[in-house]
Amino acid sequence: MITEQAVEHVEFTCGHCWHRWTADYDVQHYRDEDGADWEAFSHHGVPSASPYSTAGAPACPQCHRHWVGHLTGRHLLPLPTDATRPSTAHPGA
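Residues numbered from 1 in each chain as written. Predicted model: local features only at pLDDT ≥ 70, side-chain atom pairs only at ≥ 80, totals over all residues. Heavy atoms only, no water.

S.K.: Lay out the overall build of the protein with the relevant residues and their values.
M.R.: When you go through the protein residue by residue, the secondary structure sums to zero helices and five strands. Each helix and strand of the protein, placed in order from N terminus to C terminus, yields the pattern β-β-β-β-β. The buried share among the 93 residues of the protein stands at 24%. Here the analysis covers contacts within the protein between residues at least 6 apart in sequence; of these, 47% occur between residues at least 24 apart. For the protein, the exposed surface amounts to about 6,500 Å²; the carbon and sulfur share of it is 56%. (Helix = DSSP H or I, 4+ residues; strand = E, 2+ residues; numbered from the N terminus. Buried < 20%, exposed > 50% of the residue type's maximum accessible area, 1.4 Å probe, protein only. Contact = heavy atoms within 4.5 Å. Areas by Shrake-Rupley, 256 points an atom, 1.4 Å probe, with all protein chains shown as cover.)

S.K.: How would you summarise the side chain of His 29 if you had to cite specific residues and measurements?
M.R.: Along the chain, His 29 falls in strand S2 (residues 20-31). Within polar-contact distance, the side chain of His 29 engages the side chain of Arg 74 at 3.3 Å. Sequence-distant contacts of His 29, defined by excluding residues within four places in its chain, comprise Met 1, Ile 2, Thr 3, Glu 4, Trp 38, Glu 39 and Arg 74. (Polar contact = N/O pair within 3.5 Å; in protein donor to acceptor, adjacent residues only side chain to side chain.)

S.K.: Could you give an account of the nonpolar core, naming the residues involved and the relevant values?
M.R.: Within the largest apolar cluster, 10 residues are counted, these being Ala 6, Val 10, Phe 12, Cys 14, Trp 21, Ala 23, Tyr 25, Val 27, Phe 41 and Cys 60. Of the residues forming this core, the biggest block, four residues, is contributed by S2. The contacts of Ala 23, once residues within four sequence positions are left out, are Glu 8, His 9, Val 10, Phe 12 and His 43. (Core = buried A, V, L, I, M, F, W, Y, C linked by side-chain atoms within 4.5 Å.)

Here you go:
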């Protein structure tokens, strides 16, 4: 179940050439059936690893080295209502 949706504004500063850039990431926070919380990120609609981790650190546009970002802004989005959520009922049920 989705518990929160947001757009996060992430800033990056290259530790090699000191170039600075920003990017917006969509993030959805989930709680699974076992009660565990996790999150999913996407950038321009493409699923991605967290920009706050080394696995999701993008390449610097100038020197192409990878750097972890930090959050500079966050905009919460409304959660879908039951009427707008996709139906999980099976056809013919």
